[in-house]
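Per-entry structural report
Residues per chain, in single letters:
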Amino acid sequence: VVSTQSTGSSGINAEYGGRNQYIDMMNQSRNRRFFRRRPASVLLPVKPVNLPIIEPYWTLHIGLVTEEDIRACNGSEKSVIDMLIDTGGCKLGILDRSTCLSLYSRGLVYLCVPVLDADLIIVPPLENFVMNRVMGDYFENLLYKIFVSIDEHTKVGDLAAVLEVDVELVKNAISMYIRLGFAKKKNKEKLDLHESWAGYVTESSNASEDMSSFAAPLERAEAEEIFDSKEPPVVDKIALLKQPSEEGYSKRIAFLFDSTLTAFLMMGNLSPGLKTHAVTMFEVGKLSDESLDSFITELGKVTDTAEGEAKRYFDHAFTLRDTIQFLRYNPAIDPAGVGAGVDLLRCESLNSLDASTCSRVLNKNYTLLISMAPLSNEVRTVSSSSPYHIGPPVPEVNSVWLKMWMYHVTGCGPVSFLLTKGARLLHLPPELYPYDRLMITTWGHESTIVNTSNVLMALNEALSHSSVLLQAYSKRNEAEIVYVTFPFDKPEETNDSAEEGASKKLDLINHPALKKLSEFVDFEHSCGYITFINSSKEFSDRQDESPPICSSNIDVESFDDWKILDMYFGVPLFGPEVNKHTCDLLLSRKLCSEESLVALTDSHRKLVLYLLDFIAEYQIVPMAEDDYCGPGDSKSFVCQQMPGINLPPVPYPTRNLMFSATALTEITV
């Protein structure tokens, strides 16, 4: 009996076909009329078929054997049956392989995959994985929790303790993983094998020990020469140091991503071998450091030949490769200063763990968390002060509320309307009349750009099931967009006498709104980017089709036309230039040093307090104390629950708000 989630892979093995064949058979079974529908079991083989994987350490047990079955057995088969009856079961490796398989194929014996408390387990990239989720299944949920929590350096017994789950349940789940080919034992016991296993047991038994060294590492001296350079190294020159041995294993760096990234890797047809890794990132929720060499190799096969929307997929693949190479074994990024490996973790998978379990898993395995930017609004960001986190500190910081708060404290932003769920507009507000295109952001989803002529129908439809942020975007032409990364570059000093009488350009990082925002946000110890929008021009001066990406200082003629649109924390992946500049800032500003991370944690706590107070101020119904697990106000919640907190959903607005000119006001619709 297997979990519903694993029946797909079991079906593939049972029907002796491939993934597509199984899906086709499943669809045929479902498409039959109700009164003619046959159960899928009748399409499966009556007797077991040959297993794709069989290991000598698996145990063989006697099944239901009749006298007629005994008469049909030869001498060697009878001897094996007698031994199993006497001993209750024994290792496959000490028996004749062909005899065991013959008995198994006739259903006279069955196989078990033993898992011990001291075993170490490896999860390689998934093959032939069929998603068949059924919500609410306890064992299925446990399987996914183990997927994202397991690593080859944690014993099974310790993993059960971290998850606070009965160790027998964990061992049963891992046994299923191994049987289906999703996992492997790292510390396989050595057996005195029967001669029939010669040629079947190869050096693959040592493959797990070799997974940590796919690519040839640099010599230590050469690596130190790169990392000790006074100038910020170029991202693509960051090389790998040798992975520490099992005895010298240390905590790693976790790079947090969301399902949007896996969708880009799967939808773009970027590389034939890349989809396997993308499926692993989505389903397992984790791609360990041991698998990153092959992953980087596949990312390196991607060619920059796409245009239009497809180019977005390719850019994410390139920047992800560069970011991984930059972070891995870089002493300047590791708070311990020795250079750590990197695991890729999916935020949604971490959210499947309860708050205390997530905190234990992260603290046990990682010394630093770094989020990609931007994370989708649909994702609940990981909130943690231990381990340190370079990214959005709480989900509210990655939501629409942050935009409204920024506009409020800076007095700078596009014309914006935050409308409550259930509101209905009969006509557009007059403040939006000058604009031909508007931006609609439904709660917890990404923004879309729509023409003003078509916006009312789409807006009212969205308001029937969600709160909506409606913003001015552009007049006639595409709006001008500029991305400014932080920490900000220091403006270059200019000779005032040389510019006397000439029209002076203004540096965008000196924008008054940024100076005001810096009173609340610590730009010196965190990284990310701020988006500026210029939607006032009816005809853009820029000739290129794509919006400009700025990762350094930029000069503008006037601050009045440029408004803050949004702000995201983390390492951007959407453009090579902004990604490289952010990585350089991580090094040059020493953002991963212990001193900087401590300062970041303190400043993030203050930012969260500012934002939660703002949300509470514009809520008719105050946020429930029970939701925040604290006896007092939101401040006591933040102070007590920052490490590994499990926040309630981002609260909906209960008042209709408008930001126009420089003021935030409450409106009636």
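See above for the structure.
Quick look at the structure, then. All values reported here derive from a predicted model rather than from experimental measurement. (Residues numbered from 1 in each chain as written. Predicted model: local features only at pLDDT ≥ 70, side-chain atom pairs only at ≥ 80, totals over all residues. Heavy atoms only, no water.)

1. Examining the packing of aromatic side chains
As a reminder, the rule being used: Pairing of aromatic rings covers Phe, Tyr and the six-membered ring of Trp, with a centre-to-centre limit of 6.5 Å; geometry is then stacked below 30 degrees between planes, edge-to-face above 60, and tilted otherwise. Under the DSSP-based scheme used, a helix requires at least four consecutive residues in state H or I and a strand at least two consecutive residues in state E, with every element numbered from the N terminus. Remark: exposure states derive from per-residue accessible area (1.4 Å probe, protein chains only) relative to the maximum for the residue type, with buried under 20%, exposed over 50%, and partly exposed in between. When the NZ atom of lysine or the CZ atom of arginine is within 6 Å of a ring's centre and also within 35 degrees of its normal, the charge is said to sit over that ring.
Using the criterion set out here, one finds 19 aromatic pairs in the structure. Each ring, one from Trp443 and one from Tyr652, has its centre 5.6 Å from the other, and the planes form 65°; the classification is edge-to-face. With Trp443 in the loop between β12 (437-442) and β13 (447-451) and Tyr652 in the loop between α22 (634-641) and β21 (657-660), this residue pair connects regions lying 209 residues apart in the sequence. Residue classification places Trp443 among the buried residues on the basis of a relative accessible area of 9%. Ring geometry for Phe486 against Phe488: centres 6.2 Å apart, planes inclined by 65°, an arrangement best described as edge-to-face. Here Phe486 matches Phe488 in class, with each residue buried. Cluster of aromatic residues (ring-pair linked, three or more members): Trp401, Trp443, Phe614, Tyr618 and Tyr652. Across the ring face of Phe282, the terminal group of Arg346 is positioned such that the distance to the ring centre comes to 4.5 Å. Its guanidinium or amino end placed over the ring of Tyr435, Lys475 lies 5.3 Å from that ring's centre, counting from NZ or CZ.

2. Considering the pattern of salt bridges
In plain terms, the rule: Between Lys or Arg on one side and Asp or Glu on the other, a salt bridge is scored when a side-chain nitrogen of the former is within 4 Å of a carboxyl oxygen of the latter.
Applying the stated criterion across every chain, the model contains 19 salt bridges. Residue Glu298 is joined to Lys301 by a salt bridge in which the shortest nitrogen-to-oxygen separation is 3.3 Å. Among the charged side chains, a network of salt bridges with common partners joins Asp117, Glu168 and Lys171.

3. Describing the packing of helix α11 (residues 259-267) against helix α12 (residues 274-283)
Between two packed helices, the angle of one axis relative to the other and the distance separating the axes together describe the packing. In plain terms, the rule: Axes, fitted as lines to C-alpha atoms, cover a helix only where it is in contact. Angles between the N-to-C directions of the axes lie from 0 to 180 degrees. Reported orientations rely on four angle classes, namely roughly parallel under 35 degrees, roughly antiparallel over 145, roughly perpendicular from 65 to 115, and oblique for the rest. It is the rotation of the near helix from the far one that decides the hand of a crossing: anticlockwise by less than a right angle makes it left-handed, clockwise makes it right-handed. Note on contacts: a residue pair is in contact if any heavy atoms of the two residues lie within 4.5 Å.
Interhelical geometry of α11 versus α12 gives an angle of 160° and a closest axis separation of 9 Å. With respect to α12, the axis of α11 lies roughly antiparallel. The hand of the α11/α12 crossing is left-handed. Contacts between α11 and α12 pair Ser259, Leu261, Thr262, Leu265 and Met266 from the former with Leu274, Lys275, Ala278, Val279, Met281 and Phe282 from the latter.

4. Regarding the pairing of strand β6 (residues 252-257)
Note the threshold: Pairing between strands is defined by DSSP: at least two bridges between the two strands are required.
Among the six residues that make up β6, six are buried, leaving the element largely enclosed by the rest of the structure. Here β6 pairs with strand β9 (residues 366-373) via five bridges, running parallel. Opposite Phe255, over in β9, you have Ile370 as the bridge partner. Bridging between β6 and strand β8 (residues 342-346) involves five bridges; their strand directions are parallel. Across the sheet, Leu256 pairs through a bridge with Leu345, a residue of β8.

5. Digging into the nonpolar core
Test applied: In this text, buried Ala, Val, Leu, Ile, Met, Phe, Trp, Tyr and Cys residues form a nonpolar core when linked through side-chain atoms within 4.5 Å.
In this structure, Ile146, Ile174, Phe255, Leu265, Phe295 and Leu344 are the most contacted members of the largest nonpolar core, which totals 103 residues. With eight residues, helix α14 (residues 310-327) is the largest single contributor of residues to this core. When near neighbours in sequence (up to four residues on either side) are disregarded, Ile174 contacts Val115, Ile121, Ile146, Ile150, Val156 and Leu159. Of all hydrophobic cores here, the second largest spans 56 residues; its members include Val400, Met439, Trp443 and Met567.

What is shown is where atoms sit, not what they do.
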